[in-house]
Amino acid sequence: TDVSTYIKTQDPASVNPSNGLGGVIKMGDYINLHSLSVAEYNGNGGAIDLTNSGTGNDKLRVIVVAINSYYNTTGNGSTTPHLVFRFKEPPGRARLHDSNTLDMGFTYLSTEMHTKYLKENYWTGLKNAGVPEEAVFKVRRVFPLKHPTTQQITGQFTTNITLWLPTISEMWGKTEGLTYSQESSGSYSNGASFPYYTSSQENRETWSGPLFVWTASRSPDANAFVICWQDGQFITFDPTDTTGGVAPAFVIK
């Protein structure tokens, strides 16, 4: 609430991400949640029950990974200063979906991770942990829906996401051929990247576990989604019903 109140005092036209928000809040700054409790959904392995110690718990640390990254992007307007927060380390693990048999038009927006776990269980836990819904900026983001070889690529816009897994274009600012080329350029771009990660390989190596972390990006040529390993590199991984690290992002306005 205090952060949201401060953001509202800033002129969006004068916010410079490299200098921080008002010269006060900068990339890498953080808030330690006191606790986080998330209910498992339908056997997805996603139960979380963590409490912070006096010395801090990186799994309950949400860091500023971007400042005004959705400023003036499609559907978001240009008048809302904001900060993007993401968990420094995954507080828990969950499967992406209840099946690993996916047709080529299947995207993150259809996964159990998006439709149930993050939107319902995780978001309830985050609100209980102290993130007020009225302070959250429900940014308009874009996902490509069809595999490029089908020649039926369309974009889906959503305006009601409060909590999501980042794509690799947001995490890295480029796709490196791992997912749709349209994700980082053209009409399907979110128009945003998280400089906390893109500016430093070291920042992408801070996770101490689990073995891999899910992203929201679908592989272009396989029944797979893209994951990030501990060394910060992105590769594809097939079994969407396997449990992996979940480190979601959200935006405060």
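Before reading further, recall that the structure is shown in the block above.
Residues numbered from 1 in each chain as written. Predicted model: local features only at pLDDT ≥ 70, side-chain atom pairs only at ≥ 80, totals over all residues. Heavy atoms only, no water.

A. Just the overall build of the protein, in detail. If you tally the helices and strands in the protein, you get four helices and 13 strands. Taking all 253 residues of the protein together, the buried fraction comes to 51%. Taken as a whole, the protein presents about 10400 Å² of accessible surface, with 45% of it coming from carbon and sulfur. (Helix = DSSP H or I, 4+ residues; strand = E, 2+ residues; numbered from the N terminus. Buried < 20%, exposed > 50% of the residue type's maximum accessible area, 1.4 Å probe, protein only. Areas by Shrake-Rupley, 256 points an atom, 1.4 Å probe, with all protein chains shown as cover.)

B. Examining the packing of aromatic side chains more closely. Considering all chains together, one arrives at five aromatic pairs under this definition. Look at Phe85 and Phe250: their rings are 5.8 Å apart centre to centre, the planes differ by 15°, and that puts the pair in the stacked class. Taken as a pair, Phe85 in strand 5 (residues 83-87) and Phe250 in strand 13 (residues 249-252) lie far apart in primary sequence, 165 residues in all. Exposure remark for Phe85: the relative accessible area of 4% places this residue in the buried category. (Phe/Tyr/Trp six-rings, centres within 6.5 Å; stacked < 30°, edge-to-face > 60°.)

C. Local environment of the pairing of strand 9 (residues 212-218). Most of strand 9 is tucked away, with seven of its seven residues classed as buried. Alternating residues of strand 9 divide into Phe212, Trp214, Ala216 and Arg218 and Val213, Thr215 and Ser217, and every residue in both groups is buried. The pairing of strand 9 with strand 10 (residues 225-229) spans four bridges and is classified as antiparallel. In the strand pairing of strand 10, Val213 is matched with Cys228. (Pairing = 2+ DSSP bridges.)

D. Up close: unusual backbone geometry. A positive phi angle, near 50°, is found at Asn42, a position not held by glycine. With respect to the element layout, Asn42 can be found in the loop between strand 2 (35-38) and strand 3 (48-51).

E. Looking closely at the environment of Gln10. Mapped onto the secondary structure, Gln10 falls in the loop between helix 1 (2-7) and strand 1 (30-32). The exposure class of Gln10 is buried, given its relative accessible area of 17%. Counting along the chain gives 72 residues from Gln10 to His82, while the straight-line C-alpha distance between them is 9.5 Å. Apart from residues no more than four positions distant in its own chain, Gln10 is found in contact with Val15, Leu21, Gly22 and Pro81. In terms of polar contacts, Gln10 uses its side chain to reach the side chain of Thr9, at 2.9 Å. (Contact = heavy atoms within 4.5 Å. Polar contact = N/O pair within 3.5 Å; in protein donor to acceptor, adjacent residues only side chain to side chain.)

F. Quick look at the pattern of salt bridges. Counted under the stated rule, the structure contains four salt bridges. With a closest N to O distance of 3.8 Å, Lys116 and Glu120 form a salt bridge. Here the residue Lys116 and the residue Glu120 both occupy positions in helix 2 (residues 112-128), the gap between them amounting to four residues, near one helical turn. Looking at Lys116, the relative accessible area reads 30%, which means it is partly exposed. Of the charged contacts, one joins Glu133 and Lys138 as a salt bridge, the two residues approaching to 3.9 Å between their closest N and O atoms. (Salt bridge = Lys/Arg side-chain N within 4 Å of Asp/Glu carboxyl O.)

G. Just the sheet that holds strand 4 (residues 61-67), in detail. The antiparallel open sheet is built from four strands, whose spatial order is 1-4-5-13. Pairing within the sheet leaves two strands with one partner each, and these edge strands are strand 1 and strand 13. Adjacent strand axes in the sheet meet at a mean angle of 30° when their direction is disregarded. With five bridges connecting them, strand 4 and strand 5 associate as antiparallel partners. Paired with Ile67 across the strands is Leu83, a residue of strand 5. (Axes fitted to C-alpha atoms, helices over the stretch in contact; angles between N-to-C directions.)

H. Summary view of helix 2. At Leu118, helix 2 is bent by approximately 45°, the largest bend along its length. Those residues of helix 2 not exposed but buried are Glu112, Met113, His114, Tyr117, Leu118, Asn121, Tyr122, Trp123, Gly125 and Leu126. Taken from the residues just after helix 2, Gly130 is the one with a positive phi, measuring 120°. (Bend = angle between axes of the 7 residues up to and from the residue.)

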